[in-house]
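Overview (structure and organization)
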Amino acid sequence: MRLDWIYVRVRGAPVHTIAHGLDMTGEVHGFLYGWWPTVKGNWLGVVNFAIPYADGRRDKLEVHDQLVPDYALRKRE
């Protein structure tokens, strides 16, 4: 799953670096366990995944039952 495809920054928004913040870039593994269609025909996956911290600590923020757009998901190889 591409974190930077589901949490998009507003263009032109000021950047405030927080060294101990969540690292919302790159890919993470997740567990997909359901799909929901939207009224406009898009699909959202129901996913559990962990978000790393930017400071490299071992702990990660575990999130559950998140709706993630299909374009941010890919099958694990």
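Note: the structure precedes this text.
All of these numbers come straight from a predicted model, not from anything done at the bench. (Residues numbered from 1 in each chain as written. Predicted model: local features only at pLDDT ≥ 70, side-chain atom pairs only at ≥ 80, totals over all residues. Heavy atoms only, no water.)

1. Points about a nonpolar patch on the surface
Together, Leu32, Trp35 and Trp43 make up an exposed nonpolar region whose accessible area comes to about 310 Å². For Leu32, the location among the structural elements is in strand β1 (residues 30–37). With relative accessibility at 37%, the residue Leu32 sits in the partly exposed group. (Patch = residues over 30% accessible without salt bridge, like charges linked within 9 Å, V, L, I, M, F, W, Y side chains within 5 Å. Areas by Shrake-Rupley, 256 points an atom, 1.4 Å probe, with all protein chains shown as cover. Salt bridge = Lys/Arg side-chain N within 4 Å of Asp/Glu carboxyl O. Helix = DSSP H or I, 4+ residues; strand = E, 2+ residues; numbered from the N terminus. Buried < 20%, exposed > 50% of the residue type's maximum accessible area, 1.4 Å probe, protein only.)

2. Looking at the environment of Phe49
In this fold, Phe49 is placed in strand β2 (residues 43–52). By relative accessible area, which is 3% here, Phe49 ends up buried. Linking Phe49 and Met1, residues 48 residues apart in sequence, is a C-alpha distance of 8.8 Å. Leave out the neighbours within four places in its chain, and Phe49 touches Met1, Leu3, Ile6, Tyr7, Val28, His29, Gly30, Leu61, Glu62, Val63, Gln66 and Val68. (Contact = heavy atoms within 4.5 Å.)

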